[in-house]
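Observations on the three-dimensional arrangement
For reference, the chains in residue letters:
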Amino acid sequence: MGVNGLMMQMPLLVSSLLEHAERHHKDSEVVSRRTEGDLHRTTLKEIAGRARQLASALTELGVQQGENVATMAWNNYRHLEIYYAVSGMGAVTHTLNPRYSPQQLIYILNHAKNRTVFFDQTFAPLVKGIAAHCPTVERWVMMVDEDKMPAELPTENVLNYEAILAKGDAGYVWPQFDENAACGLCYTSGTTGNPKGVLYSHRSSVLHAMVAGQPDGIGLCSKDTVLPVVPMFHVNAWGLPYLAMMTGFKLVLPGPRLDGASIYELLEAEKVTLAAGVPTIWLGLLNYVQQNNLKFSTFNKTLVGGAAIPISMIRALDALGVSTMQGWGMTEMSPLGTISKIQGPDLNLPKEEQFARIAKQGKALFGVDMKIVDEAGSELPWGGEESGELLVRGPWIIDSYYGGGGEKAFSIDDSGKKWFATGDVSRIDSTGLMQITDRSKDVIKSGGEWISSIDLENIAMAHPAVLEAAAIAVNHPKWTERPILVVVKRPNAEVTRDELLKFYDGKIIKMYIPDDVVFVNELPHGATGKIQKLQLREQFKDYQLPE
Ligand code: AMP
């Protein structure tokens, strides 16, 4: 080891983001659609003051540093205040995904030993159902105006958010502590087994936000207006609540209304420039806009992630003047690993080439190291046709699960570097552009080849009559597995099985073309908006392929 540099050690704390915002972006607006029904307006200065008050009130209530404090809430200003109050005081903001089953929520609340749970009034029935099974919880705090508290409360020990906050001291001073302290907790639900906790640190969250905002990342500045449709209850809304304080952009929070019409109304009324969400959300918005012949006046950039984006969606957004960025990552990665976007001279490429590029998952952000390995764990070269399991490492990537579990995902290579196996199968080209071909559990293994379900879905989605499609494996006596396509048609659109299969001609090698098409009214989606392939495979496990 050489000599130490002579620079200050200033811990990267979440509270430092808020202090920065309060000084430098105090008038930046935060607009929220509330469960009370109205549109609420505030500023970063007010949020900062209320977060300090809340932190002081929680301290008075006996909340300890290191304790997990849960939220079950939409994207709104109160949720933002809790993010900063809880993490800022040294406790852990534990966001619960209200779309999990009551059994999963009970498991998580018990596992995290939450004593305090904040909830939006929408989730009162959920609280009523689970409260008796959550012995560690001492108080349930309803996030609603005091005069709107319902006469009938969902359980005992329900407090009002505004009443608690009013007792706090706005002069509260954020404590300073080690940047490696935990600041947030989010449980991820694999396809099997109990959810596992991912515990973020102050350092990892601040570093992630710093890099995510860069021009080759999401690329945001103080002049933007950002609508995170991606929920604050899932991987911290991709870090946007932290980036908001760092950057000072105007933040528009959609609350409980995530349908196409409501999102469109907010985009227009609040002059949103960038919106972020999963593909299913944009399906709803695009349908609404196309059916009503509408246009966007300011909305021109979108960050889509959480599942692969079909090229047809990138094309449709482009036709409306919106350029798409694709983000790939996972709960275990805070979440951002790669971003795919077109910038600079690449804007002169033919549009279709641009779209094909964006449909790949993109290049790693600085800080994220990736490699692909074969089934024996040996590293595969970049630039070839080969795909393998994607492994990652970096300062905002999980080191181990909260309370253990999932140890198989971690490995140490010959040079002593630790890696996390993502469970995604991908290919990386010679320039470092990464493309996910499948979730390893969803790969279709046919006659010794791996057929990418994402490729099959992408082609189907480009057909004008297809609203949504999933390619899954069904058993085959000779080929082990063969792909079939499960399709939801657009309203009032027609397409037959044979027409759809013919649509694959020339777009993919013959043996990859699905053996059959099944039309359904709806595909099953999980708590984070992804198509539930496991459930589909279960549903079609005895499916008889045509001769
Ligand atoms: P979650 O932890 O629930 O956010 O899920 C992470 C998983 O979602 C990843 O491991 C991928 O399988 C999938 N995923 C996320 N973003 C993308 C993307 N842009 N393209 C394809 N799959 C994605």
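Residues numbered from 1 in each chain as written. Predicted model: local features only at pLDDT ≥ 70, side-chain atom pairs only at ≥ 80, totals over all residues. Heavy atoms only, no water.

So, the pattern of salt bridges
All chains considered together, the criterion is met by 36 salt bridges. Across the pair Arg 78 and Glu 36 runs a salt bridge, and its minimum N-O distance is 3.1 Å. Remark: Glu 36 occurs in the loop between strand S1 (29-33) and strand S2 (39-43) and Arg 78 occurs in helix H3 (residues 77-88); sequence separation between them is 42 residues. On the accessibility criterion, Arg 78 (3% relative accessible area) is buried. Residue classification places Glu 36 among the buried residues on the basis of a relative accessible area of 17%. Among the salt bridges present, the one from Arg 439 reaches Asp 424, with a minimum N-O distance of 2.6 Å. With Arg 439 in strand S21 (residues 434-439) and Asp 424 in strand S20 (residues 418-428), this residue pair connects regions lying 15 residues apart in the sequence. Looking at Arg 439, the relative accessible area reads 32%, which means it is partly exposed. On the accessibility criterion, Asp 424 (8% relative accessible area) is buried. A single salt-bridge network, built from bridges that share partners, covers Arg 34, Glu 36, Asp 38, Arg 50, Arg 78, Glu 81, Asp 145, Lys 148 and Glu 162. (Salt bridge = Lys/Arg side-chain N within 4 Å of Asp/Glu carboxyl O. Helix = DSSP H or I, 4+ residues; strand = E, 2+ residues; numbered from the N terminus. Buried < 20%, exposed > 50% of the residue type's maximum accessible area, 1.4 Å probe, protein only.)

Thoughts on the nonpolar core
Residues Tyr 84 and Ile 218 are the most contacted members of the largest nonpolar core, which totals 128 residues. Top contributing element to this core by residue count: helix H2 (residues 44-61), with eight residues. Excluding anything up to four places from it in sequence, Tyr 84 contacts Val 14, Leu 17, Leu 18, Ala 51, Met 89, Trp 174, Pro 241, Tyr 242 and Met 245. Membership of the second largest hydrophobic core comes to 29 residues, among which are Ile 108, Val 127, Cys 134 and Met 142. (Core = buried A, V, L, I, M, F, W, Y, C linked by side-chain atoms within 4.5 Å. Contact = heavy atoms within 4.5 Å.)

Quick look at the pairing of S21
The buried count for S21 comes to five of six residues, which makes it a mostly enclosed element. In this sheet, S21 lies alongside S20 in antiparallel orientation, the contact comprising five bridges. Among the inter-strand pairings, Asp 424 is bridged to a residue of S21, identified as Arg 439. Between S20 and S21, which follow one another and run antiparallel, lie five residues, and Gly 432 among them has a positive phi close to 95°. (Pairing = 2+ DSSP bridges.)

Some thoughts on the site of the ligand
Inspection of the region around the ligand gives 15 residues, with Gln 326, Gly 327, Thr 331, Asp 424 and Arg 439 positioned closest. Within the side chain of His 234, one N or O atom sits 3.1 Å away from an oxygen atom of the ligand. Within the side chain of Thr 331, one N or O atom sits 2.6 Å away from an oxygen atom of the ligand. Within the complex, the protein chains bury 91% of what would otherwise be the 500 Å² of accessible surface of the ligand. (Near = heavy atom within 4 Å. Polar contact = N/O pair within 3.5 Å; in protein donor to acceptor, adjacent residues only side chain to side chain. Areas by Shrake-Rupley, 256 points an atom, 1.4 Å probe, with all protein chains shown as cover.)

Topic: the environment of Leu 545
Along the chain, the position of Leu 545 falls in the segment after helix H16 (533-539). The sequence separation of Leu 545 and Pro 483 amounts to 62 residues, and the corresponding C-alpha distance is 9.8 Å. Setting aside residues no more than four positions away along its own chain, Leu 545 makes contact with Val 474, Asn 475, His 476, Arg 482, Ile 484, Asp 515 and Asp 516.

Topic: the domain arrangement of the protein chain
Along its sequence, the protein chain is carved into domain 1 (14-201), domain 2 (365-439) and domain 3 (444-539). Put simply, the middle of domain 2 and the middle of domain 3, counted by C-alpha atoms, are 27 Å apart. Opposite the six residues of domain 2 that make contact, domain 3 presents eight residues. Roughly 490 Å² is buried in total at the junction of domain 2 and domain 3, and carbon and sulfur atoms are behind 47% of that figure. It is Glu 375, Thr 437 and Asp 438 that lose the most area in domain 2 upon contact with domain 3, and together they represent 61% of the buried surface on that side. (Domains from an automatic or database assignment. Buried area = accessible area lost by both parts, 1.4 Å probe.)

Considerations on the packing of aromatic side chains
Considering all chains together, one arrives at 13 aromatic pairs under this definition. Their ring planes at 70° and their centres at 5.9 Å tell us that Phe 118 and Tyr 161 sit as a pair that is edge-to-face. Here the residue Phe 118 occupies a position in strand S5 (residues 116-120), and Tyr 161 occupies one in helix H6 (residues 161-166), the gap between them amounting to 43 residues. For the pair formed by Phe 118 and Tyr 161, the shared burial category is buried. Taking 6.0 Å as the distance between ring centres and 55° as the angle between the ring planes, the aromatic pair formed by Tyr 264 and Tyr 288 counts as tilted. Taken as a pair, Tyr 264 in helix H10 (residues 260-269) and Tyr 288 in helix H11 (residues 279-291) lie far apart in primary sequence, 24 residues in all. Of the residues examined, Tyr 264 reaches a relative accessible area of 12% and is grouped as buried. Take Tyr 288: its relative accessible area is 28%, and that puts it in the partly exposed class. (Phe/Tyr/Trp six-rings, centres within 6.5 Å; stacked < 30°, edge-to-face > 60°.)

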